[in-house]
Every structure is written in C-alpha cells, then in structure tokens.
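# Coordinates in review
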Amino acid sequence: MHVLGGSASTTLAERVSRELGNAPFAIPFRKRFPDGELYLRVGGSFEGQDVVVVQSLRSDSDVIELFLLEDAVREAGARKVWAVIPYFGYSRQDRRFFPGEPVSARALARRVETDADAIITVDLHSPLNRGAFLKPLHEASGIPAIGRLLRERPVDLLVSPDKGGVDRVRRMAELLGKPWIALEKKRIDSERVELYFPPAAPEVKGKHVVIVDDVISTGGTIVESAKLLRARGAEAITATCTHGLFLKDAFERIKAVTDDVFATDTVENPVERASVAPDIAAILRRELAQEGVESEPAVHAATARS
Ligand code: R5P
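Here is what the cut-offs are and how they apply
- Residues numbered from 1 in each chain as written.
- Predicted model: local features only at pLDDT ≥ 70, side-chain atom pairs only at ≥ 80, totals over all residues.
- Heavy atoms only, no water.
- Buried < 20%, exposed > 50% of the residue type's maximum accessible area, 1.4 Å probe, protein only.
- Helix = DSSP H or I, 4+ residues; strand = E, 2+ residues; numbered from the N terminus.
- Pairing = 2+ DSSP bridges.
- Contact = heavy atoms within 4.5 Å.
- Near = heavy atom within 4 Å.
- Polar contact = N/O pair within 3.5 Å; in protein donor to acceptor, adjacent residues only side chain to side chain.
- Areas by Shrake-Rupley, 256 points an atom, 1.4 Å probe, with all protein chains shown as cover.
- Phe/Tyr/Trp six-rings, centres within 6.5 Å; stacked < 30°, edge-to-face > 60°.
- Lys NZ or Arg CZ within 6 Å of the ring centre and 35° of its normal.
- Axes fitted to C-alpha atoms, helices over the stretch in contact; angles between N-to-C directions.

## Structural notes on the pairing of strand 8 (residues 137–140)
Side chains of strand 8 alternate between two faces, with H138 and A140 buried and L137 and E139 left unburied. Here strand 7 (residues 118–122) pairs with strand 8 via 4 bridges, running parallel. Looking across to strand 8, one finds that V122 is bridged to A140.

## Digging into the side chain of T266
One can find T266 in the loop between strand 15 (260–264) and strand 16 (272–274). Residue T266 is classed as buried on the basis of its relative accessible area of 0%. Excluding residues within four positions of it along the chain, T266 makes contact with L12, S56, P86, Y87, V122, T242, H243 and V276.

## Considering unusual backbone geometry
At F246, a position not held by glycine, the phi torsion is positive, near 45°. Along the polypeptide, F246 turns up in the loop between strand 14 (236–244) and helix 8 (250–257). A relative accessible area of 9% means that F246 is categorised as buried. The residue K248 is not glycine, and still its phi comes out positive at about 45°. Looking at the secondary structure, you find K248 in the loop between strand 14 and helix 8.

## A look at the site of the ligand
The environment of the ligand is formed by 14 residues, the closest being D213, D214, S217, T218 and T221. Between an oxygen atom of the ligand and a main-chain N or O atom of G219, the distance comes to 2.8 Å. For the ligand, the protein covers 91% of the area, taking 380 Å² as the surface of the free molecule. Looking at the shell around the ligand, the elements that each hand over two or more residues are strand 11 (184–187), strand 13 (208–216) and helix 7 (220–231).

## A look at the pairing of strand 11
In the sheet, strand 11 pairs with strand 12 (residues 193–196) via 4 bridges, with the strands oriented antiparallel. From the neighbouring strand, R187 faces strand 12, where its bridge partner is V193. In this structure, the hairpin formed by strand 11 and strand 12 is closed by a connection of 5 residues.

## Focus on the packing of aromatic side chains
One pass over the full model with this rule turns up 4 aromatic pairs. On the numbers, 6.1 Å between centres and 70° between planes, the contact of F29 with Y39 is edge-to-face. Of this pair, F29 sits in strand 3 (residues 29–32) while Y39 sits in strand 4 (residues 38–41), and the two are 10 residues apart along the sequence. F29 gets classed as partly exposed once you look at its relative accessible area, which sits at 27%. For Y39, a relative accessible area of 24% puts it in the partly exposed group. Residues F246 and F251 carry aromatic rings whose centres are separated by 5.3 Å and whose planes lie at 75° to one another, so their mutual orientation is edge-to-face. With respect to burial, F246 and F251 carry one shared label: buried. Through successive ring pairs, a cluster of aromatic residues spans F29, F33 and Y39. Looking at K31, its charged tip hangs above the ring of Y39, at a distance of 5.3 Å from the centre.

## Quick word on the sheet that holds strand 5 (residues 50–54)
Hydrogen bonding along the main chain pairs the strands of a sheet, whether they run parallel or antiparallel. Strand order in the open sheet formed by 6 strands is 2-1-5-6-7-8, and the pairing between neighbours is parallel. Looking at which strands have only one partner, the edges of the open sheet turn out to be strand 2 (25–26) and strand 8. Two elements, strand 1 (residues 2–5) and strand 2, share 2 bridges in a ladder whose sense is parallel. From the neighbouring strand, L4 faces strand 2, where its bridge partner is A26. Contacting strand 1, strand 2 and strand 5, helix 1 (residues 10–19) crosses the sheet at an angle of about 165° to strand 1.

Here it is as structure tokens:
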C-alpha cells in the first residue's frame, strides 16, 4: 500500500503512512502552468497496488488537485484507489434550502468518487451526506483523537453547541464517562448565531466545561457558546473540534473567551493537537484485512519525493 499526500494534507498523510508501518509515502510533484492551471506528477508505477490519496477539500483548488491525483494514480496502474478526504468541504450544503440551489455535498461526493474505489472521511457534517455516496464510504471520527487528549484533563461537563451535535457529544460523554448537554442554536446568518441554555440543564457554575463541535469556521458558534457558559459561571472553558478552519480572526476571538482551544489535524490549523491518523489507518487495516490484502510496507520502489 502506498500513501500519497496532497498539498492540503501532506503532514497527515505522512502520519497515516507511519501508522501503516511506514508504508511507502510520497508527495507528488506540483507546479502551476502560466495560466494558473495545476500540473502534477506522481513518481513510479503503482501497478497492482492499493494507493491511498490523502487530500482535504478546504478550497476549490484542493478539489481539482484531488481529481488530478486520483486520475494520475489510476493511470499509473493502481489496483485500488482510496480517497482519504479528512475534511470534506461543501458538506454543510447538504440539502436544497431554497429553490434553485444545488445540493453541493452530493455534487462533490459524486465527482470525487468517480476515480476512487472507496472513500474515507472524518466526521461528515450530517447523516444526509452519507447518502450522497454511491461507492463504499468509511467514516472516521475526531472524537477518539480529542478524547485521548481530554482524558488527561479535568472535565466536568461536555457541551454540544447545537442539537445537530448530540450524537457526537454523547459519544464523547460515553468515552470519558462524563455528563453532557446540548445548547439550542438559532443561526441568524452565516456568521452570526444566537444560543440558549436548554431548560432543566444541570448547573455549570464552577465547572470545567468542554465544548465539542465538528467544525469551527467563523468561530461565531464557539464564541457565543463560551459567553453563555461563562455567564452561567463556568470556571474553565475548553473549545474542541474535529475540523479547525478558523476563518479570519476566529482563532483570536475564541482565545479571548475560552481557556483553551484545540482541533484535530484534518486541516492544518494552529492548534492541531490531536491526530486522526491512527483512526484512518485502523479503517484501512480493517478493510485490507477483510479483502485479504497485505498492509505491510510493499517491497516495490516507493515513489520519489520530488
Ligand atoms: C453547525 O451545524 C456546525 O456543527 C458548527 O457549529 C458550525 O458550522 C460552526 O460554524 P461557525 O464557526 O461559523 O459558527
């Protein structure tokens, strides 16, 4: 099995290759044509090999790079192309909210899987997204990675900022053996939210509270959650998420109202303190074992780093 790191996920790809017992790892050669189009080349032959292409989709150019990588790997003879997409962009438009809109998550899913045999992603935004894929989809979660860090810290109460995150916070609560609550969120627009404390919620005064979210984007959700929890007397507030996008000044705004903030490494961010590499590698090992494919490092020459 070979692992290729797209430019949006080079570090995570290398971590995955290490978790797979130092599977051959390479970074494709990339350059821009004069008109701005992307050129890339993968080294060597992948004849008969399973190839794992790791690329988060944070920008439109990440999407094009993934398409080109998948195609290049196919052309190089791969037996099976695994598209590992730690952060699956466009997944928040998971339905048509107004007439005339696309279901962006589905549009992307269908195109990404054209040249892939299986997809691995992490914490898709909603269960609706799963139905968008026609090829085998395996979903890892950031919860175990964040849980590994939280185990070493004082945690009294876990908080989801909205009802959509109940499954996630419940899973974390089971992992750590702690109570949880979900706040009520009303979205005003793409940058502003209002948050409310649920009726009959437990006391937060004097407690170490940890907010668990799937993605931090503008930071509005975490900032408002933290303000609400602080107003209720929370002693310490930690904000955690799987995908730390931290747009514009989100990071500074969150730091100003919390005691700590961290994310996983699905996208590069200033506080990626928990890695999902072991969880992605576990899925690959499990699937290969089921297919009876050897997951130890291949004896074939690794593709050159260029
Ligand atoms: C919402 O459904 C998500 O779980 C996140 O809470 C949300 O996308 C975060 O966005 P922002 O950081 O812009 O508030």
